Amino acid sequence: MFDKILIANRGEIALRVIRACREMGIKSVAVHSTADADAMHVRMADEAICIGPAPGTESYLNMAAIIAACEVTGAQAIHPGYGFLSENASFVQIIEDHGLTFIGPTAEHIRTMGDKITAKDTMIKLGVPCVPGSEGGVPDLAAAKKLGDEMGYPVIIKATAGGGGRGMKVAATAADMESAFMTARAEGKSNFGNDEVYIEKYLTTPRHIEIQVFGDGKGKAVHLGERDCSLQRRHQKVFEEAPGPSITPEERAKIGKVCADAVAKINYIGAGTIEFLYENGEFYFIEMNTRLQVEHPVTEAIFGVDLVREQILVAAGESMTFGQDDLEINGHSIEVRINAERLPNFAPCPGKITAYHAPGGLGVRMDSALYQGYSIPPYYDSLIGKLIVHGRDRAEALARLDRALGELIVDGIDTTTPLFHALLQEKDIHTGEYNIHWLEKWLDANMAEG
Ligand code: ADP
């Protein structure tokens, strides 16, 4: 087992990893930018080292500085968290070339799944159901128009290198194709340096259902059920739950096995998430994330396992502590993302926290790096906390969420907390009847941007 792990990240996820390390008796090294010298992950780790100036490109994305930090501190392994370098295959290669261990999948698996066309092709070969669409990339507008006519509108044009909701455009009718195709291509080029695009049937009322998988890299893999992340704004998740309110035990077992078998076949190592759209009882693969997800705590809550601990164990060559038969769902869990954003238009709202109180009590987990007096820097993601609740059933979890939101105090800045108070007044949230468009429609009707 490793003696010391470096965490190449910041915020709540850096804390999350530090906590797992401490429980395992492993020393932790935090890295930070000059803007984060006072951040909580710096205070909580056993050691901390500055790796560059405020912009992420010069610090948290600075591979040379991170490798040097390992050499200076004697850390043997790197946990990337999510975002930043977590899905960067070159980073993994460089880590290995330096005789260090990356806590995550292989460079090859990251590369395969990071390119959406290759990922889809791989999944089709592994027997995973996919959204109908083009076979591989679509070379030009004429080919795109031809396909659109054949498939029938609406269709979605996606950049193969896209992510975070960028590089995707919907063409509702043939008349929209030209602008959608050109925009998706341009976004792919400018954001990800790759203008290759592909086309999929656009599903009009799906839910977003994702399957958590975990492999030991030696051909053993399990699934940990699904998360429903249908409540999204601009393709970004804001509210996630497990189990999914629309999924039956039979459906879970079936799609779960398809996913576990697929990753077992490729000797996948560590945590991964296979994302699907789910409509009329059918699952359609959209992408695989080869890392820990922001919303992993809802899965941890219902299965009672520590996914970060398992990631560290398998990276060190040890066995996973559970097999498929050990995994049984217990109750219901919901996570809401508390962002430093001002409603109604979700404008980023960094600034000084004048008062902070985290909710507590039975079934409540608050993953956050906030503290009173902390100044949220303007350079990074606006996620400042994740409130996760767990109850015996969905109704209990919702009541607990309402109670816990009422206890949360974050003064000095605006947050997305009022959004969740308002959502909890909605009948559809209580019945679980929503698809990926529900929240956008609700926001249009209830929070007209001022
Ligand atoms: P990203 O990598 O940018 O997150 P994804 O492929 O995971 O992109 O898609 C993100 C979201 O976009 C999905 O959760 C869904 O809301 C929407 N989406 C993607 N593909 C389709 C599709 N074929 N039909 C309808 N909605 C889609």
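Residues numbered from 1 in each chain as written. Predicted model: local features only at pLDDT ≥ 70, side-chain atom pairs only at ≥ 80, totals over all residues. Heavy atoms only, no water.

Attention shifts here to the overall build of the protein chain. Helix and strand counts for the protein chain stand at 15 helices and 22 strands. Against the 2.2 N^0.38 benchmark of 22 Å for 450 residues, the protein chain shows a C-alpha radius of gyration of 21 Å, consistent with a compact globule. For the protein chain, the spread of C-alpha atoms along the three principal axes comes to 60 × 50 × 45 Å. Taken across its 450 residues, the protein chain has 57% of its residues classed as buried. (Helix = DSSP H or I, 4+ residues; strand = E, 2+ residues; numbered from the N terminus. Rg over C-alpha atoms; globule rule 2.2 N^0.38 Å. Buried < 20%, exposed > 50% of the residue type's maximum accessible area, 1.4 Å probe, protein only.)

Moving on to helix H1 (residues 11-23). For H1, with 13 residues, the first-to-last C-alpha span of 19 Å sits near the 18 Å given by 1.5 Å per residue. Counting buried positions along H1 yields 10 of 13 residues, so the element is predominantly enclosed. Within H1, burial applies to Gly 11, Glu 12, Ile 13, Ala 14, Leu 15, Arg 16, Val 17, Ile 18, Ala 20 and Cys 21. Phi for Gly 25, located one or two positions after H1, is positive at around 75°. (Expected span 1.5 Å × (residues − 1).)

Our focus in this paragraph is the packing of aromatic side chains. Counted by the stated rule, this structure contains 11 aromatic pairs. Between Phe 91 and Phe 102 the ring centres are 6.4 Å apart and the planes differ by 85°, which places this aromatic pair in the edge-to-face class. With Phe 91 in helix H4 (residues 89-97) and Phe 102 in strand E5 (residues 101-102), this residue pair connects regions lying 11 residues apart in the sequence. Both rings, one in Phe 276 and one in Phe 285, keep their centres 6.4 Å apart while their planes meet at 80°; by these two values the pair is edge-to-face. Overall, Phe 276 belongs to the buried group, its relative accessible area being 0%. By relative accessible area, Phe 285 is classed as buried at 0%. One aromatic cluster in this structure is built from Tyr 60, Phe 84, Tyr 379 and Tyr 380. It is Arg 207 that lies over the ring of Tyr 434; its NZ or CZ is 4.8 Å from the centre. (Phe/Tyr/Trp six-rings, centres within 6.5 Å; stacked < 30°, edge-to-face > 60°. Lys NZ or Arg CZ within 6 Å of the ring centre and 35° of its normal.)

Looking now at the nonpolar core. Counting residues in hydrophobic clusters, the biggest one holds 41 residues, and the most contacted among them are Phe 239, Leu 401, Phe 420 and Ile 429. Sorting the residues of this core by element identifies strand E11 (236-242), strand E14 (332-339), strand E19 (364-368), strand E21 (383-391), helix H12 (394-407), helix H13 (417-423) and helix H15 (438-446) as the ones contributing at least two each. Of the residues forming this core, the biggest block, five residues, is contributed by H12. For Phe 420, the contacting residues outside a window of four places in its chain are Val 238, Phe 239, Val 336, Arg 337, Ile 338 and Leu 405. Counting 39 residues, the second largest nonpolar core, distinct from the first, contains Ala 30, Ala 45, Leu 327 and Ile 388. (Core = buried A, V, L, I, M, F, W, Y, C linked by side-chain atoms within 4.5 Å. Contact = heavy atoms within 4.5 Å.)

According to the domain assignment, the protein chain contains domain 1 (4-87), domain 2 (132-201) and domain 3 (207-446). Computed from C-alpha coordinates alone, the two centres of domain 2 and domain 3 are separated by 29 Å. Domain 2 puts seven residues into the contact, and the matching count from domain 3 is four residues. Counting every contact that joins domain 2 to domain 3 gives zero salt bridges. Our enumeration of links across domain 2 and domain 3 arrives at zero residue pairs in polar contact (both at pLDDT 80 or more). Each residue belonging to the side of domain 2 that touches domain 3 can be placed in one class, and the counts come to three nonpolar, two polar and two charged. (Domains from an automatic or database assignment. Salt bridge = Lys/Arg side-chain N within 4 Å of Asp/Glu carboxyl O. Polar contact = N/O pair within 3.5 Å; in protein donor to acceptor, adjacent residues only side chain to side chain. Nonpolar A, V, L, I, M, F, W, Y, C, P; charged D, E, K, R; others polar.)

Between its first and last C-alpha, helix H8 (residues 177-192) extends 22 Å over 16 residues, near the 22 Å set by a 1.5 Å rise per residue. Turning to H8, its buried residues are Met 177, Ala 180, Phe 181, Ala 184 and Gly 188. Each buried residue of H8 sits inside an arc of 100° when the element is viewed along its axis, so together they form one side. In H8, the exposed positions that point more than 90 degrees away from the buried face belong to Lys 189 and Ser 190. For H8, the elements touching its buried residues are helix H7 (141-151), strand E6 (155-163), strand E7 (166-171) and strand E8 (197-201). One or two steps after H8, the chain reaches Gly 193, where phi turns positive at roughly 65°. (Arc of directions from axis to C-beta.)

Let us now look at the sheet that holds strand E13 (residues 282-289). As summarised here, the arrangement of the eight strands in space is E13-E12-E9-E10-E11-E14-E21-E19, forming an open sheet in which the pairing is antiparallel. Here the strands that pair on one side only, and so sit at the sheet edges, are E13 and E19. Averaged over all adjacent pairs, the angle separating strand axes in this sheet is 25°, with direction ignored. One ladder, built from six bridges, connects strand E9 (residues 207-216) with strand E10 (residues 221-233); its direction is antiparallel. (Pairing = 2+ DSSP bridges. Axes fitted to C-alpha atoms, helices over the stretch in contact; angles between N-to-C directions.)

What the three strands build is an open sheet, ordered E7-E6-E8; its pairing is antiparallel. Either end of the sheet is taken by a strand with one partner, and the two such strands are E7 and E8. Averaged over all pairs of adjacent strands, the angle between their axes in this sheet comes to 25°, without regard to strand direction. Note that E6 and E8 share five bridges and pair antiparallel. Along E8, the bridge assignment pairs Val 155 with Lys 201. Lying over the sheet, helix H6 (residues 116-125) contacts E6 and E8, oriented at roughly 50° with respect to E8.

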